[in-house]
Amino acid sequence: MSLRSRLFAVAATIVIVMLVAGVAVARSVRSSLITQLDQRLDAAVPAVLGIAAASDPSNPFGGGLGGPGNNQGGGQGNNQGRGPAPSGNALSELYLGFLSSAGKLTSVTPSRLAPRGTPAVTVAQARSAAPAGPAAGRPRPAHAFEVASHGGNGDGFRVIAVPRSGGYLIVALSMSSVVSTYQRMLIAVGVAAAAIIAVLALAGLWVVRLGLRPIRAVTEAADAITAGDHAHRVDHPNPRTEAGRLGRAFNVMLDERQQAETQLRRFVSDASHELRTPLTSILGFTGLYRTGGLTDQPTLDDAMRRIGQEGRRMTTLVDDLLLLARLDEGRPLDHRPVDLAPLLHDAALDAGATQPERTITVDAPDELVLDGDEARLRQVLANLVGNALVHTPTDVAITLRGEQRADVVVLEVHDDGPGMTEDVAAHVFDRLYRGDVSRSRVRGGSGLGLAIVRSIVEAHDGRVALVTAPGEGATFRVVVPLTHRVPI
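**Q** Please clarify how the pattern of salt bridges should be interpreted in this entry.
**A** Side chains carrying opposite charge are able to pair once their charged atoms draw close together. By the definition in use, this model includes 10 salt bridges. With a closest N to O distance of 3.0 Å, Arg-378 and Asp-346 form a salt bridge. A residue pair is termed long-range when its members are at least 10 positions apart, and Arg-378 in helix 8 (residues 374-391) and Asp-346 in helix 7 (residues 340-354) qualify at 32 residues. On the accessibility criterion, Asp-346 (26% relative accessible area) is partly exposed. Residues participating in the shared-partner salt-bridge network are Asp-346, Glu-374 and Arg-378.

Put into structure tokens, the structure is as follows:
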């Protein structure tokens, strides 16, 4: 089932549950109102029975109820010596009548109650609801029942039938108030249901058209990329919605994947180029030897020297690539306490032996101890110093600094050389990258030295950065924590 179908199913369920609950509440209120009507009937019947008991047996209503022979003035002029008649207010809502055994209903209801009609009560209904035996003096002579109405508003009546000589005394209350209240509640439930349906419809429309649109766009983008359109992206995802943020994250993921693939292709191309050059030289010299081009011993010795040189260069390149692969795999380093102060002085001495004419200074305390791999940290300093030696003139001074700040050690290799442009500085830590587009090896190695520096530093939970600008020299800053954080 699709998400849209699920939303519609949930909305329909909510509406149905609300309608059922509303109807149930309305019916409960109707039942309560009917109970109240029955209680009013129970309270009025004893008074009606008292008047009827004191009346002339030939008059089933009694003189105080305004019977057929005396419905002028409500029977007040013919009530001497009889029980007290109910007041007009007490009986103003009651319908009173006599149902003969032949089924004829005679009403004494005041004219003001005529719009409510008369109870459509039958002898069979009265007989089934009336008690067996005499009814006089009973607090509740019979149970109330509901009947329709003849004429009037058609709302029906709640009726109590009391057996009398020749028929039944009918005492009834109109259900107009119950029906009107019940209808108002049903209307209220219907209006509430319509309002909720409208709100759910608008919410569903928003979710389907606005909330799910980015998801549909992500699906379309994925299908397009699967079909070969790797440049396809989700257009303008809304960052204020969850689905919009999903679309934006999808775009970022695709951009990073494309960037990683581009870097991988460039890395493979550069590595192939680096390995092809020494292999070409070696194959060239061996070809000369096979064709007899290396006849004299000095020429042969020089060719063998060049072959060994190119072989060592290939070995160095392969070793660097293997080191990067191991670091990428997260293989653990040999962590133990290392004093970096001697490493800084050793790196300066090695650089001075390579270029005696260059000024190289060390600014560091007598002791800089941290938890790390000594061999790899030596390689970091050697690569940074070697990079400065290769890419700056011999009259440019190099400074090596080291200090402890809080819980980290900061190492810096600074040169006063020509510096680098922003574009070159952004890529110096990329693998097999050279700022010299001609790829000349007169100045520069394989392009892996600074990439190895970054990988080793990150393996020590540290970071490396470059601060440079054209004409302002370059400073490589390495920050390594004193204690290595062991992964859990």
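Now that the structure is up, let's keep going.
**Q** What should I look at first to understand the pairing of strand 10 (residues 369-372) in this one?
**A** Side-chain direction in a regular strand flips from residue to residue, so the side chains alternate between the two faces of the sheet. Of the two faces of strand 10, the one lined by Leu-370 and Gly-372 is fully buried and the one lined by Val-369 and Asp-371 carries no buried residue. The pairing of strand 8 (residues 336-339) with strand 10 spans four bridges and is antiparallel. Along strand 10, the bridge assignment pairs Val-338 with Leu-370.

**Q** Would you take a moment to explain the sheet that holds strand 1 (residues 94-100) for this structure?
**A** Pairing between sheet strands relies on hydrogen bonds along the backbone, with the strands arranged either parallel or antiparallel. Spatially, the five strands line up as an open sheet ordered 2-1-7-6-4, and their pairing is antiparallel. A strand with exactly one partner marks an edge of an open sheet, and here the two such strands are strand 2 (105-107) and strand 4 (145-147). Sheet twist, expressed as the mean angle between neighbouring strand axes with direction ignored, is 35°.

Parameters and conventions
- Residues numbered from 1 in each chain as written.
- Predicted model: local features only at pLDDT ≥ 70, side-chain atom pairs only at ≥ 80, totals over all residues.
- Heavy atoms only, no water.
- Salt bridge = Lys/Arg side-chain N within 4 Å of Asp/Glu carboxyl O.
- Helix = DSSP H or I, 4+ residues; strand = E, 2+ residues; numbered from the N terminus.
- Buried < 20%, exposed > 50% of the residue type's maximum accessible area, 1.4 Å probe, protein only.
- Pairing = 2+ DSSP bridges.
- Axes fitted to C-alpha atoms, helices over the stretch in contact; angles between N-to-C directions.

Keep in mind these numbers describe shape, not what the thing actually does.
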